[in-house]
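One letter stands for each residue in the lines below.
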Amino acid sequence: MHDCGQYFKGNSMFIPTKDIVARLLPHLFGTVTFFIHEQGKRYVAYRNIVPRMNTSQTSIILPAQCVKSSSMDTEFKLKIPMMTLINGQQEYVEVLFNNDKVKIIVRKLTIEVGLNLEVCQINVDGVVHLASMMKFCNGMEAADNESSGLDVNELSKLHLENSGSRRVWSKSCKTLLVWSTKKEVCDTCINSIKINRKRKGTNMNKLVNMKKPKVLGEQNININVSKLPQVDENINKPKVLGEQNININAPELPQVDENKNPDIKLTVEDHNDMANILDQIVERGAPEKFKIIFESQLKNCREGLEVHQRRWDPQIISVCLALYLRSPRGYEDFKKSGLLVLPSKRLLQYYKNSIKQTTCFNEDNLKWMKQEATNKQVSEFGKHGGLIIDEMSIQDDLVIQKTGDSWSLVGMVDMDSTNNNIEIISNGKKKVQLATHALQFVFHGLTGFRWPVAYFGSNTATAHQLCSTYWKCVDVLDEHGFTVDYMMADGASTNRAFTSMLFSSNMREQKFKFYDVFDMNHSMCAIQDIMHVLKRIRNNVESSKLENSTKQGRYLYLNQPIVWDYWLECFHFNNQNGFGIHKKLTEDHFTLTPASKMRNQLALDVLDKNMLFLMKSYQVTLHDPERLSSAILLLEHTSILTDIFCNCNQPIFSLCDSRFQSLNNALKFFNDWEKNITDSVLYMASKNLITHETRDDINSSVTGFISLCELMLGKGNSINPGYFNSDIIENLFGQQRGIRNGLNSNPTLKQYGPSNTAIILGQCSVSNKSNSGKSASFFSASVPCALNTVRNKCNSNKKRPLRL
């Protein structure tokens, strides 16, 4: 008791009384109570209390029945099996040690232990023993037809599965019972079940007493018995009443129209049976979202239901919005066909225009971004991420737009106020230009949260314009709770000049890290898009040919030639029989056009481990296998890049990960190749080496990623290398070109903003025109505010009065 009191007092916690400790000891240690007499006084003593030695986490020994699900420096999680089974599935008690806090999770209940316990043997044993001694509510015996407001499950004991029983619990069951109680059901379940059964009995009595249609035997019938014919006793079979000619003085019964379907009112039991039948139908191979559309149709197609009373599931709105934006006419024709009841065109327009998208930094869009991150419970680490920058060509068109009482022109170059003022000062006058490109900034969090932050109307943005808008975007995101830790762009010349403006000296010497101008204690990284880097490597190899060895043209050389002819030979070898080694290779991979050169997947397929295996298989069949040695060496290192950066299922948790060593080896291969060619007097870098832009991009992609991991890893966080590409912004551009805005190859600046809102609200399809293929997609967001607020009566006073 003295040690217990000192512990609780030192942690500023309530000290348990002797009675509480006396009740806990038999449950915790299985003690035996006896009395001892000392100095004329009688004391209560306990046997079987054995102290356990405290050990470190690395030598923790768990009971055989327990399972350790996760173990890290700051988190230790284990599962303790229970002796009960719910619907044939064994129940578990989950115990989580996290930052010296302990949580016990069982069923729908989460218990936070008030003590700050570190992960050690004595604490783990104590919590395991505590969880095994807990008593849980086993519910009550279920009746034949229980109310739908209760939870009904099959409860059985371990190794006695055939002796289970059907039990019922309250929705608000307390789950946990007091140790000293002899009950098996909590008071909440007892009271709720009794009230539900009592209410159900009252409802059944009401149904029984409902007015029934009167049958023949319940009419007031006046029968003249004297007129009835006498029954002949000699006849063996007596004539029944219905076979006689009887004159009945009774009112005529109402005639039932067989063609008319009367309304059927189901009882509670019948409704539950129908619901169970529907669940069984859905479980027997029906699509996962079939129940959503089925229930939506049942609710919204009722006779007499007004249009404004219909309610739609967000997934249905998302699909309908995608169909409407792709073809409004097609959506209207499908809606009028009557096959399904669908949301109206006006409702979809309310969703599409829920946010007024404008060029530059839109405060409504930023508030929506912050609100959505809160709704999705994005962690503080998830609010760290990078800015992905890219441009898309648009149609140059000038549109006059009216907003309230003001008029504005949309379609001109607008690169925010700072850049606009710089242009006026540089030209000495205000010059109007039509925007030919849309400059898009997308925030991509380290845990996967993404959002199109802002877009600008540009005419091929210059380096200083990118620099100004980038730092302005960093500042605006910081004001809304988001931190930018890296910048990603493709290898365009303006992007390369902008990246060099961020560094004070050689980028390779600084490991592609630069300081935040708003906080010098915060560093950022410049990371080139790895997908563009791999396309550049493929394009360099594609331009290298054997015929260029004696004439002008690229001819890659590393001890042996690295030419595209070897890849073509492997492709023909792959197709010489019906069972190809590399099943993804097609003519499109080798007959490249300006459009196909931009597709990421075509470049990845000729540089990955499958291509490496194919070339090694082809090498075995050659009389001179050594001539493919350099090409195989190149593929060995490019396959490392594709394996690491194209895998979204294996995040990196520690700097000790072996993938860092693989990345360093790949980077060393390209740098050594560069050094050997530049130092050689026999070969020229411009002819026998990949371009210097490609070499810089490789260093930026690999070194920048490693530098970011060194800055951000730790404290239990992880970084997914599969997120470090520009697929999400390429997919956004693909939707703008191919899915939204009808059949336009490129939208106008006026169409670009509302399409962004539609893409955020729900991306149900991915355009094939996207460079990323179908690998990237946005999530479906909820609407930021109430739709069509003008219709609310409380806002009637805010309407603009008529002008006379």
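Here is what the cut-offs are and how they apply
Residues numbered from 1 in each chain as written. Predicted model: local features only at pLDDT ≥ 70, side-chain atom pairs only at ≥ 80, totals over all residues. Heavy atoms only, no water. Axes fitted to C-alpha atoms, helices over the stretch in contact; angles between N-to-C directions. Helix = DSSP H or I, 4+ residues; strand = E, 2+ residues; numbered from the N terminus. Parallel < 35°, antiparallel > 145°, perpendicular 65-115°, else oblique. Left-handed = near helix turned anticlockwise from the far one by under 90°. Contact = heavy atoms within 4.5 Å. 1 Å grid on protein atoms, 1.4 Å probe; cavity = no way out; pocket = protein on both sides within 12 Å on 5 of 7 lines; lining within 4 Å. Points joined across faces, edges and corners; volume = space filled by probe spheres on them. Nonpolar A, V, L, I, M, F, W, Y, C, P; charged D, E, K, R; others polar. Expected span 1.5 Å × (residues − 1). Buried < 20%, exposed > 50% of the residue type's maximum accessible area, 1.4 Å probe, protein only. Polar contact = N/O pair within 3.5 Å; in protein donor to acceptor, adjacent residues only side chain to side chain. Pairing = 2+ DSSP bridges.

The name an unreviewed UniProt entry gives the protein is Transposable element P transposase-like RNase H domain-containing protein, with Mytilus galloprovincialis as the organism.

Novice: Looking at this structure, how should I read the packing of helix α19 (residues 658-679) against helix α21 (residues 692-712)?
Specialist: Any two packed helices are characterised by the angle at which their axes cross and by the distance between the axes. Look at α19 against α21: their axes get within 10 Å of each other, and the N-to-C directions meet at 155 degrees. Classified by the angle between their axes, α19 and α21 sit roughly antiparallel to one another. Handedness of the crossing formed by α19 with α21: left-handed. From α19, Phe660, Leu663, Asn664, Leu667, Phe670, Asn671 and Glu674 reach across to α21, where they touch Arg695, Ile698, Asn699, Val702, Thr703, Phe705, Ile706 and Cys709.

Novice: Mind showing me how you'd approach empty space enclosed by the protein here?
Specialist: Leftover empty space is mapped by rolling, across the atoms, a probe with the size of a water molecule. Counting across every chain of the model gives one cavity of 30 Å³ or more. Looking at the largest cavity, its volume works out to about 40 Å³. In this structure, the largest cavity is lined by Ile388, Ile389, Asp390, Met488, Ala489, Asp490, Asp529, His532, Ser726 and Ile729. If you list the elements that add at least two residues to the lining of the largest cavity, you get β15 (384-393) and β20 (483-489).

Novice: What should I look at first to understand the environment of Asp475 in this one?
Specialist: Along the chain, Asp475 turns up in helix α12 (residues 463-479). Separated by 42 residues in sequence, Asp475 and Val517 have C-alpha atoms that sit 9.7 Å apart.

Novice: Sorry, what's going on with the layout of surface pockets here?
Specialist: Of the volumes computed, that of the second largest pocket is approximately 850 Å³. Contributing to the lining of the second largest pocket are 38 residues, with Thr359, Leu409, Met412, Val413 and Asp414 lying nearest its centre. Looking at the lining of the second largest pocket, the elements with two or more residues in it are β16 (399-403), β17 (406-410), α11 (416-427) and α23 (749-761). For the lining of the second largest pocket, a count of residues per class yields 13 nonpolar, 18 polar and seven charged.

Novice: In this structure, what is going on with helix α14 (residues 530-543)? I would like to understand it.
Specialist: Along an α-helix, residues three or four positions apart point the same way, because every turn accommodates 3.6 residues. Here α14 is 14 residues long and its end C-alpha atoms lie 20 Å apart, about the 20 Å a rise of 1.5 Å per residue gives. Where burial is concerned, most of α14 is hidden: eleven out of the 14 residues are buried. All of the buried residues along α14 are Ile530, Met531, His532, Val533, Leu534, Lys535, Ile537, Arg538, Asn540, Val541 and Glu542. Where α14 starts, the residue carrying a side-chain oxygen 3.2 Å from the main-chain nitrogen of Met531 turns out to be Asp529.

Novice: I would appreciate a short explanation of the sheet that holds strand β18 (residues 437-445) in the present structure.
Specialist: Spatially, the six strands line up as an open sheet ordered β19-β18-β15-β20-β22-β21, and their pairing is mixed. Here the strands that pair on one side only, and so sit at the sheet edges, are β19 (450-458) and β21 (513-516). Going from strand to strand, the sheet's axes swing by 30 degrees on average, the running direction of each strand aside. Judged from the five bridges that link them, β15 and β20 form a sheet pairing that is parallel.

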